[in-house]
Amino acid sequence: MTDRREYDRIRRAASPLQLDLIESFAAGKLARRDFVRMGLALGLSSAALAACGGANSTTPSGGSATVATGVGVGGGSAANVKQGGTMKIASVAPSSPLDSVKMVDLAAYGLVAQCYEFLVYTGGDLQLRPGLAEKWEPNADGSEWTFTIRQGVKWQDGTPFTTDDVVSTMERLVKAGNSALKGVIESGSVTAKDASTVVFKLTGPNGNFPYLVSTDNAQSPIIPKALADGTTLDKAPNGTGPWKLSKFDAKVGATFVRNDAWWGGKTPLDSVEWVFFQELQAQVVALQSGQVDAIVQFSVTGGEGLLNNANLNVIALNASTHRQVWMRTDKGLFKDPKVREALAWTLDRDAMVQTLFKGKAEVGADTVIAPVFPYADASLPGRKKDIAKAKSLLQAAGVNGLTATLHAVKLQEVPDLAVLIKAGAAEAGITLNVAVEDTGSFYGKSWCPESPADPPCSGAADIGIVDYGHRGTPDVFLNAALSTGGVWNSSQYASTEFDAAFKAFQASIGVDAQKKSARAISDIMQRDTPLVVPYFYQYLSAHSKKFAGMATTALGQVDVTKAGLVA
């Protein structure tokens, strides 16, 4: 603590949640980076964080809504770019309509985020920053949060942005059962106190709430109150953001032009073009040849040529990005938890990390509490490949000669992961026939079909591999994929014990309590094994050195508000 008098003043003014965090950091329970991340979430100012020992924790003002953090070595900023020009960005095509409330894939997330903005933003350093909300603060137990809304902002059609737009957006998300906010807010929970203040009264305490209305909850950008439900961005272009959608073809690409009326100022670039490709290899070749200037995301497998390319800047972000191998827990071949656990023991996770990522990943232990989270327990036992144990579990379950179809989305390293899972499973006597499917077929038919709608995803296949992008807290993973009736619960996992543990995690308002409840969740997940999580991998993006200032979140939201051609 660098300034004792200032530190004492901050302690006296701190809310109970903030004080617990400050004392935990002073007691050595938190690393500096985790203290800064959690402090920003709880509304501590950058000055307060610095006075408490969290130096270099600055919060931006004006300029960019999503701050250019996580830029690779040699990356630049607006200070050394020139005005004008167009940047072309390679991406997969969106597999869902550009409906901000209902979209489910990273490509759609990235496109919508160019126009519609969030209350709060996260950067490559996983810290929260102001967006359409200038600041926020919780009450004593974290059950009520007050957000101060940015003034003077206009929609691209010229109408003023208001607190009513925020309230209306939250009502839509409640109605849709948003993956992060389901059970956190209800209809009527969000009200406009006045023209600059929105109050969120939660169903219970939640110390991580600002993350749930940030870019980490990709479906939560603020949209106009007057917009009809289900209206897609391409059918009615609008937003408060730096870019206007001028052209969109679901198979070819999208073009955005500068929004000269953006509250954040004038962007260096005149326009940005998204170019869609079906295959990763085609994206890689396009970047290497100069056909495009950047790539939203690439994997080590298939993208090795980008990692050491002297003409490129690579952005590598430690994140909670991972793959989930879901197994139906309600019926079918994997209903018995012993069978699910048996499959988990057939994975050679160390080999996967090396083969698929050349070490740019961390081994997973079948929990969604990623190592990047400050409350992850490093003492949680892992699962090394153990074929004898797998066979023993199958025998105890009375299973012999199990055969199933393993569905895999055609995305980055996922097909290769499916092959590795198939090989390990075969050693234990489990036959997995791999079916690699394009994004439209996979998401709509195998992972989470719209019908039957109640409960969600009840038409999912017995087993498959789905991708999950980064979130700053595990709430989306826990709520959507694992809670009873979760909107993305393809396992159809239903456990009152797990649901209670998740509620306890959400209600945890102190550092020790969060760590304890997070460990309880991991223990339950390992015991029941509704999902296999083989690894958490680094999010990789890249751009030509002809450009500087590009940044990205680990959820596919590219920030080019500061990007431009190198001066």
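The following paragraphs examine the structure supplied in this document.

What counts, and where the lines are drawn
- Residues numbered from 1 in each chain as written.
- Predicted model: local features only at pLDDT ≥ 70, side-chain atom pairs only at ≥ 80, totals over all residues.
- Heavy atoms only, no water.
- Helix = DSSP H or I, 4+ residues; strand = E, 2+ residues; numbered from the N terminus.
- Buried < 20%, exposed > 50% of the residue type's maximum accessible area, 1.4 Å probe, protein only.
- Contact = heavy atoms within 4.5 Å.
- Areas by Shrake-Rupley, 256 points an atom, 1.4 Å probe, with all protein chains shown as cover.
- Lys, Arg positive; Asp, Glu negative; His and termini not counted.
- Charge placed at Lys NZ, Arg CZ, Asp CG, Glu CD.
- Salt bridge = Lys/Arg side-chain N within 4 Å of Asp/Glu carboxyl O.
- Pairing = 2+ DSSP bridges.
- Disulfide = S-S within 2.5 Å.

## Remarks on the overall build of the protein
Okay, step 1: Of regular secondary structure, the protein possesses 16 helices and 24 strands.
Okay, step 2: Principal-axis analysis of the C-alpha atoms gives the protein an extent of 65 × 55 × 45 Å.
Okay, step 3: The buried share of the protein, reckoned over its 567 residues, is 59%.
Okay, step 4: Restricting the contact set of the protein to residue pairs at least 6 apart, pairs at least 24 apart contribute 71%.
Okay, step 5: Counting only carbon and sulfur atoms, one obtains 50% of the accessible surface of the protein, whose full area is about 20,700 Å².
Okay, step 6: Mean positive and mean negative side-chain charge positions of the protein (54 and 55 charges, respectively) differ by 3 Å.

## Notes on the pattern of salt bridges
Okay, step 1: Within the structure shown, the criterion is met by 17 salt bridges.
Okay, step 2: Here Glu427 makes a salt bridge to Lys385, at a shortest N to O gap of 2.6 Å. Residue Glu427 is located in helix H12 (residues 414–427), and its partner Lys385 is located in the loop between strand E14 (361–363) and helix H11 (387–396); the two are separated by 42 residues in the primary sequence.
Okay, step 3: On the basis of relative accessible area, Glu427 is assigned to the partly exposed category, the value being 42%.
Okay, step 4: We classify Lys385 as partly exposed; its relative accessible area is 35%.

## Section: the sheet that holds strand E11 (residues 294–295)
Okay, step 1: In spatial order, the strands read E8-E9-E10-E1-E11-E20-E12; together these 7 strands make up an open sheet with mixed pairing. Looking along the sheet, the strands with just one partner apiece sit at the ends: strand E8 (243–249) and strand E12 (312–317).
Okay, step 2: Of the pairings in the sheet, the one linking strand E1 (residues 86–92) to E11 comprises 2 bridges and is parallel in character. Counted as the bridge partner of Ile89 is Ala294 from E11.

## Some words on the pairing of strand E9 (residues 253–258)
The two faces of a sheet get side chains in turn, since along a regular strand they alternate between them.
Okay, step 1: Taken across its 6 residues, E9 has 5 buried, putting it largely inside the fold.
Okay, step 2: Sheet topology places E8 next to E9; 6 bridges connect them, and they run antiparallel. Each residue of the ladder has a partner; that of Phe248, found in E9, is Ala254.
Okay, step 3: Here E8 folds back onto E9, and the loop between the two strands holds 3 residues.
Okay, step 4: Bridge count between E9 and strand E10 (residues 271–277): 5 bridges; the pairing is antiparallel. By the bridge assignment, Phe256 is partnered in E10 with Val272.

## Notes on the state of the cysteines
Cysteine pairs can be linked by a disulfide, which is a covalent bond between their two sulfur atoms.
Okay, step 1: Under the criterion given, the structure shown has 1 disulfide.
Okay, step 2: Here Cys448 is linked by a disulfide to Cys457, with a sulfur-sulfur distance of 1.8 Å. One disulfide, between Cys448 and Cys457, carries an S-S torsion of -80° and so falls in the left-handed class. Take Cys448 and Cys457: they sit in the same class, and that class is buried.

## Some thoughts on the environment of Leu393
Okay, step 1: Turning to its location among the elements, Leu393 is positioned in helix H11.
Okay, step 2: Overall, the relative accessible area of 14% leaves Leu393 in the buried class.
Okay, step 3: Sequence separation between Leu393 and Phe25 is 368 residues; the distance between their C-alpha atoms is 43 Å.
Okay, step 4: Beyond its immediate stretch of four places on either side in the chain, Leu393 contacts Lys338, Glu341, Ala342 and Trp345.

These figures capture arrangement, not role.
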